[in-house]
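Letter by letter, the chains look like this.
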Amino acid sequence: MRTFRESLILNSAFKMKKLNPVQLEEIRSILRHKGIIFFNIQEELLDHIASEIEEKMAMESLSFEASSKAVLGLWENSFRLKQNRLLLGKDLYPKIIYEELKRNSVKMLWPLLLLSLVLTSLLVILNYETNELFKDFAYLIDFFSLTAGIISLFLYPQLKNGKQTIYSHLLLKDFKIFIPMATTVILQVYEQKVENASMYQSILFSFFMAMMLCFLIYLVMLYLKHLDLHRKYALS
């Protein structure tokens, strides 16, 4: 299979017959049937596959039907379903989407995990140095979490019913984890369980609170990346 760059070079060497809107829509329909439902990946694949079909039609004088069948056959391995229960849950994804979801999840989560460990250490120290300041910080995290939860209630239907990207998909999936996590921390704080806690309880609560704060940052980052793709592809 040629790379995208090689296809562009060959495009200049042969007189290509551009695919018409009906043919492009046919390819898009096939991609949706193969499970390529995220708009950003679907558009990138559509451009790439359409270029390969145009190249094959020009080089081998084949019809659109024969060329598209041959080209899509080369992509079958990319459409093979894969699963990662630990990172992405029980859902099955085409390999090309699976790899993209996995790459973005790992790329964003590892730095936040390291940040949560640093924050945990700072919170434990803060708790033993000045408990009042620690409680104020806990209330502040609660406020941000509650605000984020309220805003998310309005954004959730829009994200779920609109044209999805990989980032909106991760956001919708991980938001279901954020709700019970935030609720637990809020209840712990308002039930005053942060006071007179043992060393073990203090470390555990600090880690949980730091994780929630970093998870909130992660959700915001996903939403911003989703908006960037909307602007890039001019989605409505």
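Residues numbered from 1 in each chain as written. Predicted model: local features only at pLDDT ≥ 70, side-chain atom pairs only at ≥ 80, totals over all residues. Heavy atoms only, no water.

**A short note on the overall build of the protein**
Line of reasoning, step 1. What the protein contains, in helices and strands, is ten helices and two strands.
Line of reasoning, step 2. In the protein, the order of α-helices and β-strands from amino to carboxyl end is α-α-α-α-α-β-α-β-α-α-α-α.
Line of reasoning, step 3. The proportion of buried residues among the 236 residues of the protein is 41%.
Line of reasoning, step 4. Restricting to contacts in the protein with at least 6 residues of sequence separation, those with at least 24 account for 67%.
Line of reasoning, step 5. Split by element, the accessible area of the protein, about 13,800 Å² in all, is 64% carbon and sulfur. (Helix = DSSP H or I, 4+ residues; strand = E, 2+ residues; numbered from the N terminus. Buried < 20%, exposed > 50% of the residue type's maximum accessible area, 1.4 Å probe, protein only. Contact = heavy atoms within 4.5 Å. Areas by Shrake-Rupley, 256 points an atom, 1.4 Å probe, with all protein chains shown as cover.)

**As for a nonpolar patch on the surface**
Line of reasoning, step 1. Together, L86, L87, V106, W110 and L113 give the surface a local cluster of nonpolar side chains, amounting to about 500 Å² of exposed area.
Line of reasoning, step 2. The set of elements that each furnish at least two residues to the nonpolar patch consists of α6 (85-88) and α7 (95-129).
Line of reasoning, step 3. If you trace the backbone, W110 turns up in helix α7.
Line of reasoning, step 4. Looking at W110, the relative accessible area reads 52%, which means it is exposed. (Patch = residues over 30% accessible without salt bridge, like charges linked within 9 Å, V, L, I, M, F, W, Y side chains within 5 Å. Salt bridge = Lys/Arg side-chain N within 4 Å of Asp/Glu carboxyl O.)

**A look at the packing of aromatic side chains**
Line of reasoning, step 1. The tally for this structure, following the rule as stated, stands at one aromatic pair.
Line of reasoning, step 2. Ring centres of F215 and Y218 lie 5.7 Å apart, and the angle between their planes is 40 degrees; on these two criteria the pair is classed as tilted. Taken together, the positions of F215 and Y218, both in helix α10 (residues 199-233) and three residues apart, correspond to about one turn of that helix. (Phe/Tyr/Trp six-rings, centres within 6.5 Å; stacked < 30°, edge-to-face > 60°.)

**Re the layout of surface pockets**
Rolled over the atoms, a probe sized like a water molecule indicates the empty space that remains.
Line of reasoning, step 1. Looking at the largest pocket, its volume works out to about 580 Å³.
Line of reasoning, step 2. For the largest pocket, the lining is made up of 19 residues, of which L86, L87, L109, M211 and F215 are closest to its centre.
Line of reasoning, step 3. For the lining of the largest pocket, the secondary structure elements donating two or more residues are α6, α7, α9 (166-190) and α10.
Line of reasoning, step 4. Tallied by class, residues from the lining of the largest pocket come to 15 nonpolar, two polar and two charged.
Line of reasoning, step 5. Space inside the second largest pocket adds up to approximately 280 Å³.
Line of reasoning, step 6. When residues of the lining of the second largest pocket are traced back to their parent elements, those giving at least two are α8 (131-161), α9 and α10.
Line of reasoning, step 7. At six residues, α8 tops the list of elements feeding residues into the lining of the second largest pocket.
Line of reasoning, step 8. Looking at the lining of the second largest pocket, its residues break down into 13 nonpolar, one polar and no charged. (1 Å grid on protein atoms, 1.4 Å probe; cavity = no way out; pocket = protein on both sides within 12 Å on 5 of 7 lines; lining within 4 Å. Points joined across faces, edges and corners; volume = space filled by probe spheres on them. Nonpolar A, V, L, I, M, F, W, Y, C, P; charged D, E, K, R; others polar.)

**Focus on the side chain of S168**
Line of reasoning, step 1. By the secondary structure assignment, S168 is in helix α9.
Line of reasoning, step 2. Not counting residues within four places of it along the chain, the set of residues in contact with S168 comprises L159 and H226.

**Observations regarding the pattern of salt bridges**
Line of reasoning, step 1. Across all of its chains, the model carries ten salt bridges by this definition.
Line of reasoning, step 2. A salt bridge links K173 to D91, with the shortest nitrogen-to-oxygen separation between them at 2.9 Å. Pair noted here: K173 is in helix α9 and D91 is in the loop between α6 and β2 (93-94), with a separation of 82 residues, a long-range link.
Line of reasoning, step 3. Judged by its relative accessible area of 31%, D91 is partly exposed.
Line of reasoning, step 4. Ionic pairing is found between R231 and D228, a salt bridge with its closest N-O pair at 2.5 Å. Taken together, the positions of R231 and D228, both in helix α10 and three residues apart, correspond to about one turn of that helix.
Line of reasoning, step 5. On the basis of relative accessible area, D228 is assigned to the partly exposed category, the value being 43%.
Line of reasoning, step 6. Residues joined by salt bridges that share partners form a network here, namely E25, R28, R32 and E43.

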